[in-house]
Amino acid sequence: MFLALISDFQAIVFPSWLSDEAFSIGPLSVKWYGLAYLLGVFGAYYYASRLCQRKDIWISNHPTRGPEIVPTKIILQDLMFYCLLGIIIGGRLGYIVFYSTSTLWETPLDILKVWTGGMSFHGGFLGVVAACAYSSWRTKVSKLRIGDMASVGAPIGLGLVRLTNFVNQELYGRVTDVPWGFIFATAPDSQPRHPSQLYEAFLEGFVLWLILRILCTRFKALTKPGVVFGALMFFYGIFRFSVEFVRTPDNIPQFGTYPLIGELTRGMAYSLPMVVVGAALMAWAWKRSPVSPKRIEEETPSKT
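Residues numbered from 1 in each chain as written. Predicted model: local features only at pLDDT ≥ 70, side-chain atom pairs only at ≥ 80, totals over all residues. Heavy atoms only, no water.

**Some points on the overall build of the protein**
Within the protein, the secondary structure is distributed over 9 helices and 9 strands. A buried classification covers 47% of the 304 residues belonging to the protein. Approximately 15900 Å² of the protein is accessible, and the part contributed by carbon and sulfur atoms is 66%. (Helix = DSSP H or I, 4+ residues; strand = E, 2+ residues; numbered from the N terminus. Buried < 20%, exposed > 50% of the residue type's maximum accessible area, 1.4 Å probe, protein only. Areas by Shrake-Rupley, 256 points an atom, 1.4 Å probe, with all protein chains shown as cover.)

**Describing the confidence of the model for the protein**
A residue-level look at the protein finds 85% of positions with pLDDT of 70 or above and a mean pLDDT of 87. The weakest mean pLDDT in the protein belongs to strand β1 (residues 4-6) at 43; the strongest belongs to helix α7 (residues 196-217) at 98. Counted against residues more than four places away or in other chains, residues 1-9, with its pLDDT under 50, gives 14 contacts. (pLDDT = per-residue confidence, 0-100. Contact = heavy atoms within 4.5 Å.)

**Brief notes about the pairing of strand β3 (residues 21-25)**
Here β3 runs beside strand β4 (residues 28-31); their pairing, made up of 4 bridges, is antiparallel. Counted as the bridge partner of Glu21 is Lys31 from β4. With antiparallel pairing between neighbouring strands as the criterion, β3 and β4 make up a hairpin whose turn holds 2 residues, including Gly26 at a positive phi of roughly 65°. (Pairing = 2+ DSSP bridges.)

**Brief notes about the pattern of salt bridges**
Evaluation of the coordinates by the stated rule reveals 9 salt bridges. Among the ionic pairs, Glu200 bridges to Arg247, the shortest N-O distance being 3.1 Å. With a gap of 47 residues between them, Glu200 in helix α7 and Arg247 in the loop between α8 (227-243) and β7 (260-261) connect regions that are remote in the sequence. A relative accessible area of 3% means that Arg247 is categorised as buried. A salt bridge links Glu244 to Arg240; its shortest N-O distance comes to 2.9 Å. Judged by relative accessible area, which is 3%, Arg240 ranks as buried. (Salt bridge = Lys/Arg side-chain N within 4 Å of Asp/Glu carboxyl O.)

See the structure below:
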C-alpha cells in the first residue's frame, strides 16, 4: 500500500515518496509549486479562450444596453501574462506585508527570495486586480469584463496550488481524530491533522470552478459583466473562511504562533472583505441590463 495506515491513531502517514520536487535535470530542480502556477495560468487562459469561442453564452435572451467587446485570444494571452506577474509580485509582497512584516526592516533582500516560499493568496489577488486594470487600459475592454475573464479559469490554478501545498506538507490543518487525518513530517508533533490543503483544493478548485461554469453556461453571466468576478470573490471568501476553522493559523514570529484578529484568524479577517465586496458586486451587476457581444478580428502579423 502506498499509504501506511496507523490503527492506533486512525490516521494516514504522509507518503515518503511524495516530495516538493517534480523532477530534476542535472543541477536544475523543478518544483511542483512552480509548475502549479504555470499550469494554472495556462489552464485559465485555455479555458477562457474556449468560452470566448462559444456563441450562445454571450447572447442574452433579454434587451441589452449596448455591445461590449468579447476578448480575443491575443487579448487573453496578454491578460494572463499580466496576471502571472500580478500573482508573483502581489503574492510575495502580500505575504511580507500580511504575514512577515519584520522582513521589511530586518532582511529586506529576502523579499526577492520567492523560491524559498511565502506567497499570500490575498496579496496575489490584489496583484491580479492591478493586472486586470492595466490590461483594461491597454485593450480598451471594460474592467469588469476583463475581471470576469481573469476569474473564469482562476479555480484551476487555485486547486493546483492547494494540491502542491499538500505535497509540500505545508498549511496543514489542526490536530484531529477523524480517520482521514494525516501525520505530516513537517508538523512539530506526530499528531494526525486535517488535510486542509485537500479541503481547499476541492472547494476553491473544483467546486468554485463548477459554480462559475454554471453561472456562465446556464445563466449566461458573461452577458452581465462583473457577476463572475463578484462570484469568484464571494465564494472564495466563504470557502476560505470556512476551512480556516480546521486549518492551522500561520506562524508569524512577531505576532505569536496562532495570531488572531479579535476572534478571527488572519485568513478569516482577510477573506471577509472579499465576501462583502463580492456579494455587492455580484448583486449590482446582476440587476443591470445585459450587454450584447461585440467581436473584433484577431490581430495578425503584417506581411512584409
